[in-house]
Amino acid sequence: MTMAHTLDQLIALDKELLLTVNGSDSLFIDGLAHTLTTATTWVPLYVALFYLVLKNNDTIQKIVWIVACALLCVLLAGTTDDLIVKPLVERWRPTHDPQIGMAVDVVNGYRGGNYGFFSAHASNTFSLAVFFALLVRSHALTVFLVTWSLTNCWTRMYLGVHYPGDIACGLLWGATVGVTVWCLHRYVARRIDTKASFISTHYTPSGYLATDVDVVIAILIFTLFYALIRACFFLYV
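The structure contained in this document is the topic of the report that follows. (Residues numbered from 1 in each chain as written. Predicted model: local features only at pLDDT ≥ 70, side-chain atom pairs only at ≥ 80, totals over all residues. Heavy atoms only, no water.)

1. Examining the packing of helix α4 (residues 60-89) against helix α7 (residues 164-192)
Phase 1: In contact at an axis separation of 9 Å, α4 and α7 are set at 160 degrees when each is read in the N-to-C sense. Accordingly, the angle class assigned to the pair α4 and α7 is roughly antiparallel. Seen along the crossing, α4 lies across α7 with a hand that is right-handed. On α7, the residues that touch Q61, K62, W65, I66, C69, L72, C73, L76 and A77 of α4 are W173, V177, G178, V181, L184, H185, V188, A189 and I192.
Phase 2: Taken together, the residues that form the contact of α4 with α7 break down as 14 nonpolar, three polar and one charged. (Axes fitted to C-alpha atoms, helices over the stretch in contact; angles between N-to-C directions. Helix = DSSP H or I, 4+ residues; strand = E, 2+ residues; numbered from the N terminus. Parallel < 35°, antiparallel > 145°, perpendicular 65-115°, else oblique. Left-handed = near helix turned anticlockwise from the far one by under 90°. Contact = heavy atoms within 4.5 Å. Nonpolar A, V, L, I, M, F, W, Y, C, P; charged D, E, K, R; others polar.)

2. Some words on helix α1 (residues 3-21)
Phase 1: Compared with an ideal rise of 1.5 Å per residue, which puts 19 residues at 27 Å, α1 spans 27 Å between its outermost C-alpha atoms and is within 8% of the ideal.
Phase 2: Listed in full, the buried residues belonging to α1 are D14, K15 and L18. Taken end-on, α1 shows its buried residues confined to a sector of 95 degrees, consistent with a single buried face. Turned more than 90 degrees off the buried face of α1, the exposed positions are E16 and T20.
Phase 3: Along its buried surface, α1 packs onto α6 (139-158) and α7.
Phase 4: Just beyond α1, the residue with positive phi is G23, at close to 65 degrees. (Expected span 1.5 Å × (residues − 1). Buried < 20%, exposed > 50% of the residue type's maximum accessible area, 1.4 Å probe, protein only. Arc of directions from axis to C-beta.)

3. Quick notes on helix α8 (residues 210-232)
Phase 1: For α8, with 23 residues, the first-to-last C-alpha span of 34 Å sits near the 33 Å given by 1.5 Å per residue.
Phase 2: In the core, the buried residues of α8 are packed alongside α2 (27-37), α3 (43-55), α5 (120-136) and α6.

4. Concerning unusual backbone geometry
Phase 1: For the bond running from F117 to F118, omega is -5 degrees, close enough to zero to count as cis.
Phase 2: Relative to the helices and strands, F118 is located in the loop between α4 and α5.
Phase 3: Of note in the backbone geometry, E90 takes a positive phi value of approximately 55 degrees without being a glycine.
Phase 4: Assessed through its relative accessible area of 45%, E90 is described here as partly exposed.
Phase 5: Here N108, not a glycine, exhibits a phi torsion of approximately 55 degrees, which is positive.

5. Concerning a nonpolar patch on the surface
Phase 1: There is a patch of nonpolar side chains on the surface, built from L83, I84, L88 and V89 and spanning about 430 Å² of accessible area.
Phase 2: Tracing the backbone through its elements, the reader meets L83 in helix α4. (Patch = residues over 30% accessible without salt bridge, like charges linked within 9 Å, V, L, I, M, F, W, Y side chains within 5 Å. Areas by Shrake-Rupley, 256 points an atom, 1.4 Å probe, with all protein chains shown as cover. Salt bridge = Lys/Arg side-chain N within 4 Å of Asp/Glu carboxyl O.)

6. Section: the environment of A210
Phase 1: Within the secondary structure layout, A210 lies in helix α8.
Phase 2: Relative accessible area serves as the criterion here: at 23%, A210 is assigned to the partly exposed category.

Structure (structure tokens):
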């Protein structure tokens, strides 16, 4: 079996998997996916993460450096994908694919740009999830942030704008970026941060107050409730 034949089989499987998870007959799920994939839905989460950083770092230098690292995650994970990878690879989104485009279910006419490899939603969200998981060192926060990222990944396939392969590569690149940026953060932080490790139920091992971590988790949960309520409006449109 040649490499080209194997690749063709993987591409065919990718398309088959996409059509399996894409769309449904439920207007409620349509509305839920549409709400969850919208960037503005997650603004409260980003504000909560900034609050966590602001509350638990005692100098402007530390705060600015962490924010810069978070922005670097987005720059390397998503912007690099949109400006370099997608134009170079030129893999059609499912919604624009000449072979299956007409078979893909879309919501509110949303089809995205022409090219979809790899998923910037997957790489962006997972890079931030990995970075903050390593930064804060809270098991609960890690679970919620990874769930947040995977939820975004599901919406992209449900809406038909990314293949599972696009998502998998996006997650892999996002994880690589998140770990790399965290290593860079630690390299610099050792020179500006002498905070010791914490062994206490009130703090995470990296010194973040547990109650402040709970605020971020609560905002995430409330955002999901908002998405559920917002999705109900699709039933009456």
